[in-house]
Amino acid sequence: MLFVCNLICLLAEQGISFLKNHDIGHKANYKSSFKGGKVMRKRFLLSLGFLVLAFAFTSAYAKHHTAEERGKAHFNNPTFAGGKKSCSTCHPDGRGLEGAGAKTKFSIMGGEQGSLEEAINICIVQANKGTAQDVNSIEMQELSSYIRSLGTR
Ligand code: HEC
C-alpha cells in the first residue's frame, strides 16, 4: 500500500512539473514545447494507466489475501459447498461463534462432534444443505481459521 502511495506521489509530481514545463515552454517557443509536451503527456498517461492497472491488481489480490479473509468469503457465500444459504444467515458476522475456535467438543443438531471442522460439517449438511467437506481441505481450513479469528477480535 505504501508503495502504491509513493507511486501516486511520484506521478503527481511528474504531472505538476509537466504542467509547469509546458507552460514555460509555451511562452518561450511554442512549436518545440508543444512536441515535448506531447511526449511528456504520452509518458504521463502511460504511467498513469500502468498505475491504475497495478492498483486494480493489488487490491483484487489483497481483498482475500489471508486464509481468514478467504474463510470469511466462504462464510458469506450462499453457494459454498453446494449449499443453499450462507453461514452468515444464521451466524450474522460470525456472532455467537466467538468461543467455537477454542472448543474441542461440540453438541449441535442432536449429535456430538469432536472438532471444529466436524461441527462445521454438521452445519454445512444440515443447515446449509450442502455437501460435507474433507476436514483437511483448503476451504475447510480457511473457514475454520476465520472462525478461530472471531475469538481474538
Ligand atoms: C440454518 C441456520 C444455520 C446455518 C445456515 C449455519 N448454522 Fe452453524 N449453527 C446453527 C445452530 C442452530 C447451531 C447450534 C447453536 C448452539 O448450539 O449454540 C450452530 C452451531 C455452529 C457451530 C458451533 C458453535 C458452538 O460453539 O458450539 C459452528 C462452529 C457453526 N455453527 C458454524 C457454521 C458454519 C461454518 C456455517 C456455514 C457453513 C453454519 N454454521 C451455518 C445454525 C446454523
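Residues numbered from 1 in each chain as written. Predicted model: local features only at pLDDT ≥ 70, side-chain atom pairs only at ≥ 80, totals over all residues.

Draft legend 1. Representation of the overall build of the chain. Scanning the chain from terminus to terminus reveals 6 helices and 0 strands. Order of helices (α) and strands (β) in the chain, N terminus to C terminus: α-α-α-α-α-α. Here the chain, with 153 residues, has 14% of them falling under the buried criterion. If you take every contact in the chain between residues at least 6 apart in sequence, the share linking residues at least 24 apart comes to 54%. (Helix = DSSP H or I, 4+ residues; strand = E, 2+ residues; numbered from the N terminus. Buried ≥ 20, exposed ≤ 12 C-beta atoms within 10 Å, placed from the backbone. Contact = placed C-beta atoms within 7 Å.)

Draft legend 2. Inspection of the site of the ligand at higher detail. The immediate surroundings of the ligand are formed by 20 residues, with Cys 87, Cys 90, Ala 100, Cys 123 and Ala 127 found nearest. The set of elements that each furnish at least two residues to the shell around the ligand consists of α4 (87–90), α5 (116–127) and α6 (138–150). When residues of the shell around the ligand are assigned to their parent elements, the largest contribution, 6 residues, is made by α5. Taken together, the residues of the shell around the ligand sort by class into 14 nonpolar, 4 polar and 2 charged. (Near = placed C-beta within 6 Å. Nonpolar A, V, L, I, M, F, W, Y, C, P; charged D, E, K, R; others polar.)

Draft legend 3. Region of interest: the confidence of the model for the chain. For the chain, per-residue confidence averages 81 on the pLDDT scale, and residues scoring 70 or more make up 71% of the total. When pLDDT is averaged over each element of the chain, α4 comes out on top at 98 and helix α1 (residues 2–28) at the bottom at 49. Low pLDDT (under 50) marks residues 1–11, which in the prediction has 6 contacts with non-local residues, meaning those over four places away or in another chain. (pLDDT = per-residue confidence, 0-100.)

Draft legend 4. Layout of the nonpolar core. Core analysis: the biggest nonpolar cluster contains 13 residues, and Phe 75, Leu 116, Ile 120, Leu 143, Tyr 146 and Ile 147 have the highest contact counts within it. Going through the elements one at a time, α5 and α6 are the ones with two or more residues in this core. Per element, the largest residue contribution to this core is 5 residues, and it comes from α6. Sequence-distant contacts of Ile 147, defined by excluding residues within four places in its chain, comprise Gly 94, Leu 97, Ala 100, Gly 101 and Leu 116. (Core = buried A, V, L, I, M, F, W, Y, C linked by C-beta atoms within 7 Å.)

Draft legend 5. Examining unusual backbone geometry more closely. Unusually for a residue other than glycine, Ala 81 sits at a positive phi of about 55 degrees. Among the structural elements, Ala 81 can be located in the loop between α3 (67–75) and α4.

Draft legend 6. Molecular detail of the packing of α5 against α6. It is the contact of α5 with α6, at a shortest axis distance of 10 Å, that shows an interaxial angle of 105 degrees. Looking at the two axes, α5 sits roughly perpendicular to α6. Residues Leu 116, Glu 117 and Ile 120 of α5 form the contact with α6, whose participating residues are Met 140, Leu 143, Ser 144 and Ile 147. Among the residues making up the contact of α5 with α6, the classes are represented as 5 nonpolar, 1 polar and 1 charged. (Axes fitted to C-alpha atoms, helices over the stretch in contact; angles between N-to-C directions. Parallel < 35°, antiparallel > 145°, perpendicular 65-115°, else oblique.)

Draft legend 7. A look at the packing of α3 against α6. Axis separation between α3 and α6 bottoms out at 7 Å; the angle between their running directions is 100 degrees. Relative to α6, the element α3 lies roughly perpendicular. Across the interface between the two elements, Ala 67, Glu 68, Arg 70, Gly 71, Lys 72, His 74 and Phe 75 of α3 pack against Glu 139, Gln 141, Glu 142, Leu 143, Ser 145, Tyr 146 and Ser 149 of α6. Taken together, the residues of the contact of α3 with α6 sort by class into 4 nonpolar, 5 polar and 5 charged.

Draft legend 8. Here's a closer look at α3. Along α3, the residues classified as buried are Gly 71, Lys 72 and Phe 75. One side of α3 carries all its buried residues, which in axial view fall inside an arc of 105 degrees. Tucked into the core, α3 has its buried residues touching α4 and α6. (Arc of directions from axis to C-beta.)

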